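Close look at the chain arrangement
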Amino acid sequence: MLTAVTFSGEKPNNIKEYLRSFIKPFEIEIIIREAEGLILKEIHYIRYRGRINYSAIESITGKHKTVICNDKNLLKKSNLHILKSNSLSVKWCENYVCTILDELNNLGVYPEICFFDTYAEHPSFAIRLTKNSPALTVITEMQDFYKELAINEANETGTVIRISGRKDCMSSSDIVIAPDIISKPFPTSSLAVVFTSAAPLVSINATVIDRYVCSIPEKYKELCPDSISKEDLMSALYAVGGAAELAAIVPEKCMCSGRILDNKQCLRLIRPK
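Quick caveat, the model's predicted, so the values are computed rather than measured. (Residues numbered from 1 in each chain as written. Predicted model: local features only at pLDDT ≥ 70, side-chain atom pairs only at ≥ 80, totals over all residues. Heavy atoms only, no water.)

Regarding the sheet that holds strand β2 (residues 26–35)
Taken in spatial order, the five strands of this open sheet run β2-β3-β1-β4-β5, and their pairing is mixed. This sheet does not close on itself; its edge strands, each paired only once, are β2 and β5 (81–82). Of the strand pairs in this sheet, strand β1 (residues 2–9) and strand β3 (residues 38–47) are connected by eight bridges, and their pairing is parallel. Bridge pairing links Thr 3 to Lys 41 in β3. Packed on one face of the sheet, helix α2 (residues 54–61) meets β1, β2 and β3 and runs near 165° to β3. (Pairing = 2+ DSSP bridges. Helix = DSSP H or I, 4+ residues; strand = E, 2+ residues; numbered from the N terminus. Contact = heavy atoms within 4.5 Å. Axes fitted to C-alpha atoms, helices over the stretch in contact; angles between N-to-C directions.)

Considerations on a nonpolar patch on the surface
A cluster of nonpolar side chains, Ile 15, Tyr 18, Leu 19, Phe 22 and Ile 23, forms an exposed patch at the surface whose accessible area comes to about 580 Å². Tracing the sequence through the fold places Leu 19 in helix α1 (residues 15–23). (Patch = residues over 30% accessible without salt bridge, like charges linked within 9 Å, V, L, I, M, F, W, Y side chains within 5 Å. Areas by Shrake-Rupley, 256 points an atom, 1.4 Å probe, with all protein chains shown as cover. Salt bridge = Lys/Arg side-chain N within 4 Å of Asp/Glu carboxyl O.)

Regarding the pairing of strand β4 (residues 66–69)
As defined by bridge partners, β1 adjoins β4 across two bridges and the pair is classed as parallel. Bridged to Ala 4 within β4 is Ile 68. Note: β4 against β5, two bridges, orientation parallel. The partner of Thr 66 across the bridge, within β5, is His 81.

Comments concerning the environment of Ser 171
One can find Ser 171 in the loop between β8 (160–164) and β9 (175–178). Separated by 19 residues in the primary sequence, Ser 171 and Ser 190 have C-alpha atoms spaced 8.8 Å apart. If sequence neighbours within four positions are ignored, Ser 171 has contacts with Pro 187, Thr 188 and Ser 189.

A look at the pattern of salt bridges
Scanning the entire structure with this criterion turns up eight salt bridges. Taking the shortest distance from any N to any O, the salt bridge between Asp 168 and Arg 166 comes out at 2.4 Å. With its nearest N and O atoms 3.1 Å apart, the salt bridge here joins Glu 218 to Lys 221. On the accessibility criterion, Lys 221 (41% relative accessible area) is partly exposed. (Buried < 20%, exposed > 50% of the residue type's maximum accessible area, 1.4 Å probe, protein only.)

Some points on helix α5 (residues 143–157)
The first and last C-alpha atoms of α5 sit 20 Å apart over 15 residues, in line with the 21 Å expected at 1.5 Å per residue. Among all positions in α5, only Tyr 146, Leu 149, Ala 150 and Glu 153 are buried. Down the axis of α5, the buried side of the element spans an arc of 105°, and every buried residue falls inside it. Looking at α5, the residues exposed on the side facing more than 90 degrees away from the buried face are Asp 144, Glu 148, Ile 151 and Asn 155. Those residues of α5 that are buried lie in contact with β6 (113–116), α4 (123–129), β7 (135–139) and β8. (Expected span 1.5 Å × (residues − 1). Arc of directions from axis to C-beta.)

With respect to the nonpolar core
Core analysis: the largest hydrophobic core is formed by 54 residues, its most contacted members being Phe 115, Leu 129, Phe 195, Leu 233 and Leu 237. At nine residues, the largest contribution of residues to this core is made by helix α3 (residues 87–106). Counting residues in each nonpolar core, the second largest holds 13 residues, with Val 176, Ala 178, Ile 204 and Val 208 among its members. (Core = buried A, V, L, I, M, F, W, Y, C linked by side-chain atoms within 4.5 Å.)

Observations regarding α2
Among all positions of α2, only Tyr 54, Ala 56, Ile 57, Glu 58 and Thr 61 are buried. In this structure, the buried side of α2 is in contact with β1, β2 and β3. Where α2 terminates, the next one or two residues include Gly 62, which has phi positive at roughly 65°.

A short note on the layout of surface pockets
Approximately 680 Å³ is the volume attributed to the largest pocket. Surrounding the largest pocket, 24 residues form its lining, Lys 72, Ser 85, Asn 86, Asp 232 and Ser 235 being those nearest its centre. Counting residues per element, the ones that place at least two in the lining of the largest pocket are β4, α3, β11 (207–213) and α6 (230–240). Tallying contributions element by element places α6 first for the lining of the largest pocket, with four residues. Partitioning the lining of the largest pocket into residue classes produces 12 nonpolar, six polar and six charged. (1 Å grid on protein atoms, 1.4 Å probe; cavity = no way out; pocket = protein on both sides within 12 Å on 5 of 7 lines; lining within 4 Å. Points joined across faces, edges and corners; volume = space filled by probe spheres on them. Nonpolar A, V, L, I, M, F, W, Y, C, P; charged D, E, K, R; others polar.)

Spelled out as structure tokens, the structure:
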């Protein structure tokens, strides 16, 4: 069962409600949502005055201390934890990148691509990219693993995969793809476009696309409280709810510096040398 904690606030409208807020500073509503054999318990905390009573919320969550929430900052002082999983966003990044590359190839454009996979956690993503790039560069610490993969690909498809442990290979790339969260600076060209699965933890001297806009499938809509991000819910459904089919969704749009871009706008960002 998934648990969501949502917050809202209501100010007293009159003196009677104001006085009553001293007696009843908050109210908690519990809403059970069901769809596709899955259950989501929403704990809706309505604050009328005073500090949030976290113990009241925690007593309802029971042993389920990992939750999704509409205001993550409000849970920092509690014993609850935000459900964090980047696995679905990585899949959406892959699907979106490959769609964009297909469109570029249809226009006769073949940008230079660098794939960053430190611990060889995304080899299937790299193999998929070889369809769109005649010479893919992979930067990794697992060079022996990728060299064997590169040999197999060369024998089977004739595709060339260059392997390197040096990040400075990125400096000449038109597109840099980093499926995992970027935690260290990248020596990219300022004209490059970086596709990743979450906001980088460091500043990147390039155009960075780090979020993907997807519509939640109709069959899961009943599970989602109005104030909860659809992406957060889908991420939770994929990570712990067994909704594997969500990984097949091709994002409709992407986000760059907080702006939503459609495919045409994204294509215009990529300027091969």
